[in-house]
Amino acid sequence: MYHFIEKEIRSTQGNVTSQALIENVSRRSFLGGVLKTSGVVLALQVVPGGAAGAFESYPTGAAGMPRGVVNDPHVFVAIDADGVVTIVAHRSEMGTGAKTSLPMVVADEMEADWSQVRVIQAPGDEPRYGNQDTDGSRSVRHFLQPMRECGAAMRYMLESAAAAKWGVDRSLCKAKLHHVVLLEKGKTAGEMVETKTQLGFGELAAAAMSQPVPSRDKLAFKQPKDFRYIGKGTTPIVDLHGITVGTAQYGADVRVPGMKYAVIARPPVVGGKVKKYDATAALKVPGVEAVHEIEGHAPPAKFLPLGGIAVVARSTYAAMQGRDALVIEWEDGPHAGYNSAAFREEMTATAAKPGKVIRNQGDPDAAFAGAAEVFTADYHQSHVAQASMEPPVALARISDGKIEVWAPAQSPYGAREDIAKALDVPIETVTVHVTLLGGGFGRKSKCDYMIEAVQLSKKLGGTPVMLQWTRDDDLRHAFYHTTSVERIEAALDKAGKVVGWRHRTVAPSILSTFAADSGYQFHIEYGMGFADMPFEIPNIRCENGQAFAHTRIGWFRSVSNIPRAFAVQSFVAELAHKLGRDPKDLLIELIGSDRKIDPKSSGMPEDFWNYGEPYAEFPIDTARLKNVVEVAAEKAGWGKKLPPKQGLGIAVHRSFVSYVAMAVRVEIDANGIIRVPEVTAAIDCGFYINPERIRSQIEGAAVMGMSTALYSGITFKDGQVEQSNFSDFEVARMSNFPQKVNVHIIEPTSPSHHATGVGEPGVPPFAPALCNAIFAATGKRLRSLPTGEKLDA
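Residues numbered from 1 in each chain as written. Predicted model: local features only at pLDDT ≥ 70, side-chain atom pairs only at ≥ 80, totals over all residues. Heavy atoms only, no water.

Enquirer: Got a minute to help me understand the overall build of the protein chain in this structure?
Expert: Looking only at helices and strands, the protein chain features 20 helices and 29 strands. Relative to the globule expectation of 28 Å for 793 residues, the C-alpha radius of gyration of the protein chain, 27 Å, shows essentially globular dimensions. The C-alpha extent of the protein chain, read off along each of the three principal axes, is 80 × 75 × 50 Å. Each of the 793 residues in the protein chain was classed as buried or not, and the buried ones make up 62%. Total accessible area computed for the protein chain in this model is approximately 29,200 Å², and 50% of it derives from carbon and sulfur atoms. On the protein chain, the mean spot of the 85 positive side-chain charges and the mean spot of the 88 negative ones are 2 Å from each other. (Helix = DSSP H or I, 4+ residues; strand = E, 2+ residues; numbered from the N terminus. Rg over C-alpha atoms; globule rule 2.2 N^0.38 Å. Buried < 20%, exposed > 50% of the residue type's maximum accessible area, 1.4 Å probe, protein only. Areas by Shrake-Rupley, 256 points an atom, 1.4 Å probe, with all protein chains shown as cover. Lys, Arg positive; Asp, Glu negative; His and termini not counted. Charge placed at Lys NZ, Arg CZ, Asp CG, Glu CD.)

Given below as structure tokens:
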């Protein structure tokens, strides 16, 4: 996401329509990189231009991403003489399945046997592989087309190589499951049948390499009925076995000779610094070898480290013991007065007053002035830390003027850029190796922990050092999901019809991490369930009130969509109760007629953000939005009577250009604990590759949604984070989590239903559906997240 933010700051050029072309790449230069093997090598490049070819291409936001277009290789494939096909995964793997799904598309189009495919992870090198910023739910929606084209080109080259060997026209050659088969005329006119003559991919590797890479207009693409892997959901993720048995390599698993281990004591208040320190006791701890001060940077500093005192040792445990023995006096700086309770009151007061107008449709002032009644509600969410199961960690070494880093990185090339800038060295001297990520959720897009490791290695004369964040570090020094207050008002006429809608949002902005803080959010945040609100109401106004950041603000899975969906969807259910209406029916009524919303006539801002995608291809489609509501409701048994202390709530949200509805059933047990026996979700993500991963992501979103709704909150007192571990920053556990999650994937019914996001869109609807269900079960309305798992008597 930070690529979008930096583009906003730099005011660089926006998206361009693009078409994909296949071109040769220097074998010599490529073999010097991640693939060192004989065989076929090809690269996909995306360049500006029109669209033509065998399957209808369409523009996406990929063209607007840094290094996502001209001269940016997206995919590399190699075939060894033994027939093993190697496919490079250039997106990071953190559970979404991108490392499997995208190479699987290449394998399907080229007719490779998946059992003979190996997938390797690319290092951070966007000039070679194209954009590698693995966030924003963009991997499939941006790289589905390029990977299909790459696979189809590989198939063409293999068939051409076989044709040359057999001395026949390429039309008589057909790639089929890791072989190319010779065809001959059948008994009926136009019929072609397979002969027993065939060549394996390995036998053709060298000859195929000598073939020119075809232009796009020569490529033939598979029809869905011919897919082997795409859409089947039968291909396990490539690292499944290693993850299961514990051999998969995560960040903390990397080992190099002579490495040391380190932890850092960081300022407890953002912007604070070391006043003085005494390392005498720390240096007496067995295993501790050195103590160094790390330079700090107060926001806005992007991802530069907070600074502090680093303890280097022969083991992580010794380093932690040494850190505990440090005596440090801190100078807290300007944010020492930050207190969450008081800040919430400030945001609530701001939300009660007019703010900066972001969207204006119709005449909201007249609608509210003439309303028979105005209904108002405020909704609050605390800060949240990403708290991935694997805290940040990085191993760095410097040798012969070259910097190497191994890390669980969501944006490895972005990290490479920032490391080079922080150390004032050419980017060509920096290499970032990508391990598996034990969760990311946006935290591992920020490379502060990698910069820390490199700075420490430099202080140690280049010695390799693993910088490990503990859980305490992770919770107390994160880039937090923003805290917010959302105030919604509805103007009702005498018949109870909504004739006016006013939504005020107040929250510190992510932009404060990158630039001077104006106190206002910006168009990317406005586009997340706020300015793009899809209701068919004649008079709408969206306003933003000021709220200045007092900590580092970052993105968290689905970002500002969480508080907006919570507010809007809770408010609809509250309004339904007030009017004596069914919540689902009122929701459908408010969404209104089937239409593709026109941002201009709807009063949306000129810089309306559509997740970086061209609006003509990815519009807000109310028919699809309503459909997921109806499917989730029907599959959940909406309207059926439930036992006492049970309730069913529903919510829907469009984010990352996908549509997700959730119906959550809750049960309040004898001790007042909120339990979730069942969740029913419907997702419309257009054309999809791997339904197994979609179900997995929605199941995970339900668990994370429950954590965010009931348990997970970060609060500040005197500028310091009050939480330190899972004992006080709780998450859903085995003792209380969604017991059953039913996922219904909507089949695309139109060629315009392009592949859209999956990793993040499942989170926003959960909290409002849960709180609506709690109200249905108990009559108690909860408007602040996290709510706690136990209802007050």
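Still more to cover.
Enquirer: Explain the sheet that holds strand 17 (residues 402-407) here, please?
Expert: Neighbouring strands of a sheet are bound in pairs by backbone hydrogen bonds; such pairs are parallel or else antiparallel. Taken in spatial order, the seven strands line up as 11-12-9-19-16-17-18 in an open sheet, and their pairing is mixed. A single partner strand is all that each edge strand has here, and the edge strands are strand 11 (288-294) and strand 18 (430-434). With direction set aside, neighbouring strand axes in the sheet form an average angle of 25 degrees. Sheet strands touched by helix 9 (residues 316-325): strand 9 (260-265), strand 11, strand 12 (308-313) and strand 19 (465-468). Its angle to strand 9, the strand with the most contacts, is close to 30 degrees. Together, strand 17 and strand 18 form the strand contacts of helix 12 (residues 412-423), whose direction differs from that of strand 18 by roughly 145 degrees. (Pairing = 2+ DSSP bridges. Axes fitted to C-alpha atoms, helices over the stretch in contact; angles between N-to-C directions. Contact = heavy atoms within 4.5 Å.)

Enquirer: How should the sheet that holds strand 8 (residues 192-200) be read in this particular structure?
Expert: Read from one edge to the other, the open sheet built from three strands follows the order 6-7-8, with strand pairing classed as antiparallel. The open sheet has two free edges, formed respectively by strand 6 (173-176) and strand 8, since each of these has just one partner strand. For this sheet, the mean inter-axis angle between neighbouring strands, taken without regard to orientation, is 35 degrees. Bridge count between strand 6 and strand 7 (residues 179-185): four bridges; the pairing is antiparallel.

Enquirer: Sorry if this is basic, but what is going on with the nonpolar core here?
Expert: Note on soluble globular proteins: their nonpolar side chains tend to be buried together. Within the largest apolar cluster, 85 residues are counted, with the highest numbers of intra-cluster contacts made by Met110, Leu158, Val405, Ile419 and Met450. No other element matches helix 5 (residues 139-166), which puts 10 residues into this core. Counting residues in each nonpolar core, the second largest holds 79 residues, with Ala531, Leu587, Val666 and Ile774 among its members. (Core = buried A, V, L, I, M, F, W, Y, C linked by side-chain atoms within 4.5 Å.)

Enquirer: When you look at the environment of Phe548 in this model, what are you seeing that I'm missing?
Expert: Relative to the elements of secondary structure, Phe548 occurs in the loop between strand 22 (540-545) and helix 16 (561-579). In this view, Phe548 contacts Phe343, Pro508, Asp517, Ser518 and Gly519; residues no more than four positions away in its chain are not counted.

Enquirer: Would you mind showing me how to read the domain arrangement of the protein chain here?
Expert: By a widely used convention, the size of an interface equals the accessible area lost when the partners come together. Structurally, the protein chain comprises domain 1 (1-232), domain 2 (256-334 + 406-468) and domain 3 (340-384 + 479-785). Listed as interface residues are 19 residues of domain 1 and, on the opposing side, 19 residues of domain 2. Both faces considered, domain 1 and domain 2 share a buried interface measuring about 1,400 Å² in area, 52% of it formed by carbon and sulfur atoms. Where domain 1 touches domain 2, the interface holds one salt bridge. Across the contact surface, domain 1 and domain 2 share six residue pairs in polar contact (both at pLDDT 80 or more). Among the elements of the structure, helix 1 (2-10) and helix 4 (126-129) are those that each provide at least two residues to the side of domain 1 that touches domain 2. Here the element with the most residues in the side of domain 1 that touches domain 2 is helix 1; it accounts for three residues. Of the residues contributing to the side of domain 1 that touches domain 2, the split by class is five nonpolar, six polar and eight charged. (Domains from an automatic or database assignment. Buried area = accessible area lost by both parts, 1.4 Å probe. Salt bridge = Lys/Arg side-chain N within 4 Å of Asp/Glu carboxyl O. Polar contact = N/O pair within 3.5 Å; in protein donor to acceptor, adjacent residues only side chain to side chain. Nonpolar A, V, L, I, M, F, W, Y, C, P; charged D, E, K, R; others polar.)

Enquirer: How should unusual backbone geometry be read in this particular structure?
Expert: Both trends apply: most residues other than glycine have a negative phi, and most peptide bonds are in trans. Of note, the bond from Pro299 into Pro300 is cis; its omega dihedral lies within 30 degrees of zero at 0 degrees. Secondary-structure assignment places Pro300 in the loop between strand 11 and strand 12. If you check the backbone angles, Ser558 has positive phi at about 85 degrees while not being a glycine. In this structure, Ser558 sits in the loop between strand 22 and helix 16. Positive phi outside glycine occurs at Lys645, with the angle close to 65 degrees.

Enquirer: Hey, could you run me through the packing of helix 16 against helix 20 (residues 766-778) in this one?
Expert: Any two packed helices are characterised by the angle at which their axes cross and by the distance between the axes. In contact at an axis separation of 8 Å, helix 16 and helix 20 are set at 25 degrees when each is read in the N-to-C sense. Here helix 20 runs roughly parallel to helix 16, going by the angle between their axes. Where helix 16 crosses over helix 20, the two elements pack in a sense that is right-handed. Side by side, helix 16 and helix 20 meet where Ala565, Phe566, Gln569, Ser570, Ala573 and His577 of the first sit next to Ala767, Pro768, Cys771, Asn772 and Phe775 of the second. Among the residues forming the contact of helix 16 with helix 20, the class breakdown is seven nonpolar, four polar and no charged. (Parallel < 35°, antiparallel > 145°, perpendicular 65-115°, else oblique. Left-handed = near helix turned anticlockwise from the far one by under 90°.)

Enquirer: Any chance you could explain a negative patch on the surface here in plain terms?
Expert: A cluster of like negative charges, contributed by Asp718, Glu722, Asp728 and Glu730, occupies part of the molecular surface. Among the secondary structure elements, Glu722 is positioned in the loop between strand 27 (720-721) and strand 28 (741-745). (Patch = residues over 30% accessible without salt bridge, like charges linked within 9 Å, V, L, I, M, F, W, Y side chains within 5 Å.)

Enquirer: Would you explain the environment of Lys641 in this entry?
Expert: One can find Lys641 in the loop between helix 18 (622-636) and strand 23 (646-655). Given a relative accessible area of 82%, Lys641 falls into the exposed group. Separated by 583 residues in sequence, Lys641 and Tyr58 place their C-alpha atoms 46 Å apart.

Enquirer: Sorry, what's going on with the pairing of strand 8 here?
Expert: Every other side chain in a regular strand lies on the same face of the sheet, so the side chains alternate between the two faces. Note that strand 7 and strand 8 share six bridges and pair antiparallel. The residue bridging His179 from the neighbouring strand is Gly200, located in strand 8. What sits between strand 7 and strand 8 in their antiparallel hairpin is a turn of six residues, with Gly190 showing a positive phi close to 80 degrees.

Enquirer: Where do I start with helix 13 (residues 448-459) in this structure?
Expert: Helical geometry: 3.6 residues make up each α-helical turn, so side chains three or four residues apart lie on a common side. Its 12 residues place the ends of helix 13 17 Å apart at the C-alpha level, agreeing with the 16 Å of an ideal helix rising 1.5 Å per residue. For helix 13, the full list of buried residues reads Asp448, Tyr449, Met450, Ile451, Glu452, Ala453, Val454, Gln455, Leu456 and Ser457. One or two residues past the end of helix 13 sits Gly461, with phi positive at roughly 75 degrees. (Expected span 1.5 Å × (residues − 1).)

Enquirer: Help me out: how do you make sense of the pattern of salt bridges in this one?
Expert: Two side chains that carry opposite charge are able to pair once their charged atoms sit near each other. On inspection of all chains with the given rule, the structure shows 49 salt bridges. Linking Arg216 and Glu149 is a salt bridge whose minimum nitrogen-to-oxygen distance equals 2.5 Å. Of this pair, Arg216 sits in the loop between helix 6 (201-209) and helix 7 (240-245) while Glu149 sits in helix 5, and the two are 67 residues apart along the sequence. Glu149 shares its class with Arg216; the two are buried. Of the charged contacts in the structure, one is a salt bridge between Lys584 and Asp585, with a shortest N-O distance of 3.5 Å. Several salt bridges converge on common partners, so that one network encompasses Asp108, Glu111, Lys222 and Arg228.

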